[in-house]
Amino acid sequence: MRPSRRQNDELRAVSLERGVSRHAEGSCLVRFGDTHVLCTASLEERVPGWLKNSGKGWVTAEYGMLPRATGERMRREAASGKQSGRTQEIQRLVGRSLRAVVDLQALGERQITVDCDVIQADGGTRTASITGAFVALADCLSWMETRGMVTRDKVIRDHVAAISCGIHEGTPVLDLDYLEDSAAGTDANFVMTGRGGIVEIQGTAEGEPFSEAELGELMRLARHGIGQLVERQRAVLEGQPQVGSAR
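### Let's talk about the overall build of the protein chain
And then number 1: If you tally the helices and strands in the protein chain, you get seven helices and nine strands.
And then number 2: Relative to the compact-globule value of 18 Å for 247 residues, the protein chain shows a C-alpha radius of gyration of 18 Å, a close match.
And then number 3: Principal-axis analysis of the C-alpha atoms places the extent of the protein chain at approximately 55 × 40 × 35 Å.
And then number 4: Looking at the 247 residues of the protein chain, the share that counts as buried comes to 49%.

### Topic: helix H4 (residues 125-146)
And then number 1: Over its 22 residues, H4 extends 32 Å from the first C-alpha to the last, a length consistent with the 32 Å expected when each residue adds 1.5 Å.
And then number 2: Count one or two residues on from H4 and you reach Gly 148, which has phi positive near 70°.

### A few points about the pairing of strand S3 (residues 35-44)
And then number 1: Extensive coverage of S3 is indicated by the burial of seven of its ten residues.
And then number 2: The sheet contact formed by strand S2 (residues 26-32) and S3 spans seven bridges and is antiparallel. Bridging across to S3, Ser 27 finds its partner in Thr 40.
And then number 3: Where S2 folds back on S3, the antiparallel hairpin that results is connected by two residues, among which Gly 33 adopts a positive phi of roughly 60°.
And then number 4: As paired strands, S3 and strand S5 (residues 111-120) are joined by nine bridges and run antiparallel to one another. Among the inter-strand pairings, Glu 44 is bridged to a residue of S5, identified as Gln 111.

### Brief notes about the sheet that holds S2
And then number 1: The strand order S1-S2-S3-S5-S4 describes an open sheet built from five strands, whose pairing is mixed. Every other strand in the sheet has two partners, leaving strand S1 (14-18) and strand S4 (58-65) as the edge strands with one partner each. The average undirected angle you get between the axes of adjacent strands in this sheet is 15°.
And then number 2: Summarising the sheet, S1 and S2 pair through five bridges and their orientation is antiparallel. Following the sheet pairing, Leu 16 is matched in S2 by Val 30.
And then number 3: Packing against the sheet, helix H2 (residues 85-99) makes contact with S4 and S5, and its axis sits at approximately 145° to S4.

### Concerning the packing of H4 against helix H7 (residues 212-237)
And then number 1: One can describe the packing of H4 onto H7 by two numbers: an axis separation of 11 Å at closest approach and a directional angle of 25°. It follows that H4 is roughly parallel to H7 by the angle criterion. For the pair H4 and H7, the crossing hand works out as right-handed. Touching Thr 131, Phe 134, Val 135, Ala 138 and Asp 139 of H4 are Leu 229, Gln 233, Val 236 and Leu 237, all from H7.

### Thoughts on unusual backbone geometry
And then number 1: Located in the positive-phi region is Asn 53, a residue other than glycine, with phi close to 65°.
And then number 2: By the element assignment, Asn 53 lies in the loop between S3 and S4.
And then number 3: Residue Glu 169 is not a glycine yet carries a positive backbone phi of 55°.

### Section: the confidence of the model for the protein chain
And then number 1: Of the residues in the protein chain, 97% have a pLDDT of 70 or more, and the chain-wide mean is 94.
And then number 2: Below pLDDT 50 for its whole length, residues 241-247 participates in 20 contacts with residues either more than four positions away or in separate chains.

### Overview of H2
Each α-helix turn comprises 3.6 residues. Residues three or four places apart therefore point the same way.
And then number 1: Along its 15 residues, H2 runs 21 Å from first to last C-alpha, staying within 8% of the 21 Å computed at 1.5 Å per residue.
And then number 2: Every buried residue of H2 is accounted for by Thr 87, Ile 90, Gln 91, Leu 93, Val 94, Gly 95, Ser 97 and Leu 98.

### Comments concerning the nonpolar core
And then number 1: Core analysis: the biggest nonpolar cluster contains 63 residues, and Leu 98, Ile 112, Val 114, Leu 141, Ile 163 and Phe 190 have the highest contact counts within it.
And then number 2: Among the elements that take part in this core, H4 stands out by supplying eleven residues, more than any other.
And then number 3: Not counting residues up to four positions away in its chain, the partners in contact with Val 114 are Cys 39, Thr 40, Ala 41, Thr 60, Ala 61, Glu 62, Leu 98, Ala 133 and Leu 137.

### Section: the sheet that holds strand S8 (residues 186-193)
And then number 1: With respect to topology, four strands assemble into an open sheet ordered S7-S6-S8-S9, the strand pairing being antiparallel. Either end of the sheet is taken by a strand with one partner, and the two such strands are strand S7 (171-174) and strand S9 (198-205). In this sheet, neighbouring strand axes are inclined to one another by 15° on average, regardless of whether the strands run parallel or antiparallel.
And then number 2: Across the face of the sheet, H4 comes into contact with strand S6 (160-168), S8 and S9 while running at roughly 160° to S6.

Rules and cut-offs
- Residues numbered from 1 in each chain as written.
- Predicted model: local features only at pLDDT ≥ 70, side-chain atom pairs only at ≥ 80, totals over all residues.
- Heavy atoms only, no water.
- Helix = DSSP H or I, 4+ residues; strand = E, 2+ residues; numbered from the N terminus.
- Rg over C-alpha atoms; globule rule 2.2 N^0.38 Å.
- Buried < 20%, exposed > 50% of the residue type's maximum accessible area, 1.4 Å probe, protein only.
- Expected span 1.5 Å × (residues − 1).
- Pairing = 2+ DSSP bridges.
- Axes fitted to C-alpha atoms, helices over the stretch in contact; angles between N-to-C directions.
- Contact = heavy atoms within 4.5 Å.
- Parallel < 35°, antiparallel > 145°, perpendicular 65-115°, else oblique.
- Left-handed = near helix turned anticlockwise from the far one by under 90°.
- pLDDT = per-residue confidence, 0-100.
- Core = buried A, V, L, I, M, F, W, Y, C linked by side-chain atoms within 4.5 Å.

Structure (C-alpha cells):
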C-alpha cells in the first residue's frame, strides 16, 4: 500500500483555479494534493533581440519556490544573487513544454512569460507547474483574443500537461508525493500533449537500474494520468465548474 493509500494508478486530488491574479493577463492556481503552485502569464509587446523583425513571438517561463514552501525556510535565490541549477533546469523545462504546443508565428512579435511560484511543495512541483502554466497561457491568449490581437485556437495547437511516475517499493506508481519520491528507486517526469505526443521524459534510477519493461509501465501510467489532467484543463477552460479532483 502506498503511503497516501492511493491506488497505483491514482492521481492526488487535482484542482485548477483560474483568474486568481487581478493584474496578470492569465493566471491559474494549480494544486496536486499538497503541492500548490501559482502560475501567472504576462504579455509584453516585444520579443528577445534575436527574434526582432522575425514575425515570431516567444513563450518563456520562470520558476521559484517561496521561502516556506517546504518544512524549513529556504533563503530567497535573489538574496544569494543567483539561481540554482535546479531552478534554471525547471524553468527551461516549463518553457520548452509550452512552446511545444504554441504556433509562435501566429502569436506575432510578442512575448508571454509564465511565472510559476511554488507556494507549498509536496513533490511534483515541476509537473504541477507545467499543467497550471498551460491554463494560465491559454487564459492570456483569450485575453488577447478579446482585444483582437490573436485567435487563441490558432496560437495553441494542443494541450500540454505533465505528471511524475516512479517505482516505489518495487511497484510502478503514478503522481509521487514527497514521501514516495524521496524513497523511490526510480523516478521519472513525463510531459505529453493532449493528442499523446511526447514532449519530454526525464527518468533516473536512484539505485538499481530499471528495465525497459518498467519504463513501459511508467509510460502507461503517465498516459493515464496526463489524459485525466488534460480533461481537467479542457473543463476549466470551457468554464465548467470545478468539483472534486481529477481522478
